[in-house]
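# Architecture at a glance
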Amino acid sequence: MYLKTTRRYHLLLMFLLFLGACGIEKVSVKNPPLNKPFVFDNKVILHNGQFSKSEKQKITAELNGQWDDSMIARRAQRYLLFEEIKNPPVFDTANLRRSQQFMKNYMNGRGFYYANFRDSIKIDTFKQQLRTTVYMHVYPGKNVLIDSVSFSLSDSVLAAALLPHQHKTLLKKGVPFSKQIISSELDRLISVFQQNGFFKLSRDDLYAEIDTTDEALLDISLDIFEQARQLEAVSKRRAESPSWDVAIKNRAINDSTKNIAYKIGKLIYYPESKFTDIVDSLLVDTTFKSWQKDEFEIRYKEGNYNLGPLKEHTFLRKGMMYNERLFFKSLNALNEIGTWGQVDVRPKIRDKDTMDLYFFMSQESKYNYSIDLETSRNTSDIIGGNLVGISSNFNFRNRNVWKSAIQSNTSLRAGVELNVLQRTQLLQTVQMSAGHTFIFPKLIVPFKLGPIKDRMDAKRTLLSTNYAYTDRRNIFRLRSFITSWGYEWKRGNNIWLYKPISVELYGLDTLPLLSELFNQNPFLRLSFNTGNVISQSISYVKTFQGRTNRNNHYMRFGVEEAGSIMGAFPRLRSLIYRYVKTEAEYRYSYKLPQTEWAFRLFGGAGFNYSNDPTIGSVMPFFKQFAGGGPNSMRAWQLRQLGLGSSIANDTITTTTFRDRLGDMMLEANLEYRFNLLTLGSFNIASVFFADIGNIWNIRKKDDNPNAEFNFRRLYKDLAVSVGTGIRFDFSYFLIRLDAGFKLKDPARPTPNGWADFKNLQFTETRPNGVQVRNFALQLGIGLPF
């Protein structure tokens, strides 16, 4: 199919010019007030050059959020390029005054107490509409600085407790004054108290007293001319360098228990409680059995849990001063084990200064299982074919193995791949796997971790095994057995996973079609050598938000090393792979009310440093990278991109096995997502996307030219796909259909692989006579990134 793009481009340009000539604007107004000025737009203009560019943008954006609701014309996106305002508010100067007061309060909160505001309006007449644009000019003036700081607590107990921590104050002489820094200092002080036993003291018990008086005014001359001069000097000093004194004080304490520092007494657990239980009834229930060790006590009726995991995830001990940070850390750690649906804590005071902690733990069902059915479709690019995959998964979970809150997961999977449209063999692939994982709620190591252990959250030890069998009919049979031992922990929004040992045993049977493929492409033979993997790996994941809730960041980095230790033994070198593999990924999204920008950058490389002729010099195929499919380069089908600008794979027409795998991958993805229709919790959305990337080999092979990575050839080797799609969001899952077009195909013989924009084709015939589709349809579950 051919598209007359030049003619369509001219038609589109003429259409846009026609819209402009007809007066059709990008923003339309629905139900405007008749013959009355209404708010069409509003803007804040921040003057003064004391801010950096990023600070000015941030303050301006936050000031724009201070407009009174009756001064905001809310816009909704329509048809991607247009916006619509419904029922805009009538312009009223009273609402303008309220907006100015809101902005003044905001600037005061940032320490600009001498800010000035000037408003202006502009009324445009459009089709009998009086569209009013409101401008607010903000002149912030000088930021008030902190002149002196004092801690004047009238309660001697609190003053003594605070004394060792005063030097860490956030309030320093010369620091800009703001309500935020005062609030942060009061939060810090309350945290200090609550980490040193003062359980009942709250933020309301402290306050900051601000003294704005200039000392020069305390000594006014009787001479009226001298008074005028002094007042003028004070006014000038305030305008040029305003500064205030800050004193931290406590309010009168009427409750004498607020200045008591409590120490921890007993720690008592109810691990068999239910969501419906009444806590007060449990505390007086005499039918519970009890088992106690030191300060720890477990109360039970059936004896389903041991004390070990409860003690492991509680960070408070008898005799310690109450510490709010450790209190919530213990609560979160017990909730994150996964054995209990909810964990609550009730403190109970006894003996005036002793606090006992009662943990009420609502247990989940010990066993549960799930059965899933999955389908997929993979349409071949070069030869006619339509592969439909069907698989079923069975998962069984035990939340409390050996009464120690150890979780076990058993998974069984079976699937087939069918060629439903060809008169060839119907059954193409058979896959079966069985796996089992134990999750221990602690780090099991042969040594003591020391203080570093307290800085880790959600600590887990993972022991997993998996057996898999894949039969690609007449191509190969692959059997694998994988077992690993690893550790996972969190620290803030950082997640670490370290596997000190992973053993992977593989058995590969080469069948006739793969042997035929080796004859056509000898460079593939080394990728399918039979070997095993003994490795260790570490991965790191970090998620965080930007300055606003609209920005989300995701970073992942991983390294896997195999064979460095066991490869030192000569007898093992021909049996195990020796390589280093690394991956890095970054995702960014910027969300607006109706739209979202999403970006992903991925890079990975593996290097086989073995010099053994049996193992070869390339990565094993089950560790290599692949491009294409619903989550990668979407104009290519799964594993059908690359390598580099090599055309060796395009010459394969006698076998259905054409997987393309490489030792290195670079990819970047960009999406513009927007809503089309919302019906309750069901949402239909669309997307425009672009994918850029490819896979390569690390080493150069004479029998496969241009398949290796070469920085000088990077531009030529990069593939580019563009497309659009539709997403059906059911809240709890999302189905998407994406259509991608090969804008730049490195295997295309045209200059650098770019499509002919004057004569775009959905299919094309390569010089070797092979027909290639320039598009692909991808069906996926969930977002691609």
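In what follows, the accompanying structure is described. (Residues numbered from 1 in each chain as written. Predicted model: local features only at pLDDT ≥ 70, side-chain atom pairs only at ≥ 80, totals over all residues. Heavy atoms only, no water.)

One non-glycine residue, Gln128, lies in the positive phi region at around 70°. By the secondary structure assignment, Gln128 is in the loop between strand 6 (116-126) and strand 7 (129-139). For Gln128, a relative accessible area of 71% puts it in the exposed group. Unusually for a residue other than glycine, Asn706 sits at a positive phi of about 70°. You can see Asn706 is positioned in the loop between strand 28 (682-696) and helix 11 (714-717). (Helix = DSSP H or I, 4+ residues; strand = E, 2+ residues; numbered from the N terminus. Buried < 20%, exposed > 50% of the residue type's maximum accessible area, 1.4 Å probe, protein only.)

The next subject is the sheet that holds strand 7. Two strands in a sheet stick together by hydrogen bonds in their backbones, pointing the same way (parallel) or opposite ways (antiparallel). Strand order in the open sheet made by the three strands is 3-7-6, with mixed pairing throughout. The sheet terminates laterally at strand 3 (37-46) and strand 6, the two strands that pair on one side only. Adjacent strand axes in the sheet meet at a mean angle of 20°, parallel and antiparallel pairs treated alike. With eleven bridges joining them, strand 6 and strand 7 adopt antiparallel strand pairing. If you follow Phe117 over to strand 7, its bridge partner there is Val138. Against the sheet, helix 2 (residues 53-64) contacts strand 3 and strand 7, and its axis sits at roughly 150° relative to strand 3. Packed on one face of the sheet, helix 3 (residues 93-109) meets strand 3, strand 6 and strand 7 and runs near 140° to strand 6. (Pairing = 2+ DSSP bridges. Axes fitted to C-alpha atoms, helices over the stretch in contact; angles between N-to-C directions. Contact = heavy atoms within 4.5 Å.)

The subject of this paragraph is the packing of aromatic side chains. Under the defined criterion, the tally for this structure stands at 31 aromatic pairs. Ring centres 6.1 Å apart and planes at 80° place the aromatic pair Phe741 and Phe762 in the edge-to-face group. One end of the pair, Phe741, is in strand 30 (residues 734-744); the other, Phe762, is in the loop between strand 31 (760-761) and strand 32 (763-765), and 21 residues separate them in sequence. The exposure class assigned to Phe762 is partly exposed, which follows from its relative accessible area of 28%. Taken together, the ring pairs connect Trp402, Phe438, Phe440, Trp485 and Tyr487 into an aromatic cluster. A cation over an aromatic ring shows up here: Arg587 above the ring of Tyr554, its NZ or CZ 4.3 Å from the ring centre. Lying across the ring of Phe689, Arg634 places its NZ or CZ 3.9 Å from the centre. (Phe/Tyr/Trp six-rings, centres within 6.5 Å; stacked < 30°, edge-to-face > 60°. Lys NZ or Arg CZ within 6 Å of the ring centre and 35° of its normal.)

The subject of this paragraph is a nonpolar patch on the surface. Taken together, the side chains of Tyr367, Tyr369, Ile371, Phe394, Phe396 and Leu412 define a hydrophobic patch exposed on the protein surface, amounting to about 620 Å² of accessible area. Looking at the element boundaries, Phe394 is found in strand 17 (residues 386-401). (Patch = residues over 30% accessible without salt bridge, like charges linked within 9 Å, V, L, I, M, F, W, Y side chains within 5 Å. Areas by Shrake-Rupley, 256 points an atom, 1.4 Å probe, with all protein chains shown as cover. Salt bridge = Lys/Arg side-chain N within 4 Å of Asp/Glu carboxyl O.)

Attention now goes to the nonpolar core. In this structure, Tyr269, Leu310, Trp340, Leu357, Phe359 and Met361 are the most contacted members of the largest nonpolar core, which totals 27 residues. For this core, the secondary-structure elements that each account for two or more residues are strand 11 (263-273), strand 13 (296-300), helix 9 (324-336), strand 14 (340-350) and strand 15 (354-363). Counting residues per element, this core draws most heavily on helix 9, which supplies five residues. In terms of nonpolar packing, the next biggest core, distinct from the first, is built from 25 residues, Leu63, Leu96, Ala115 and Met136 among them. (Core = buried A, V, L, I, M, F, W, Y, C linked by side-chain atoms within 4.5 Å.)

Such coordinate-based values are descriptive only and should not be taken to indicate function.
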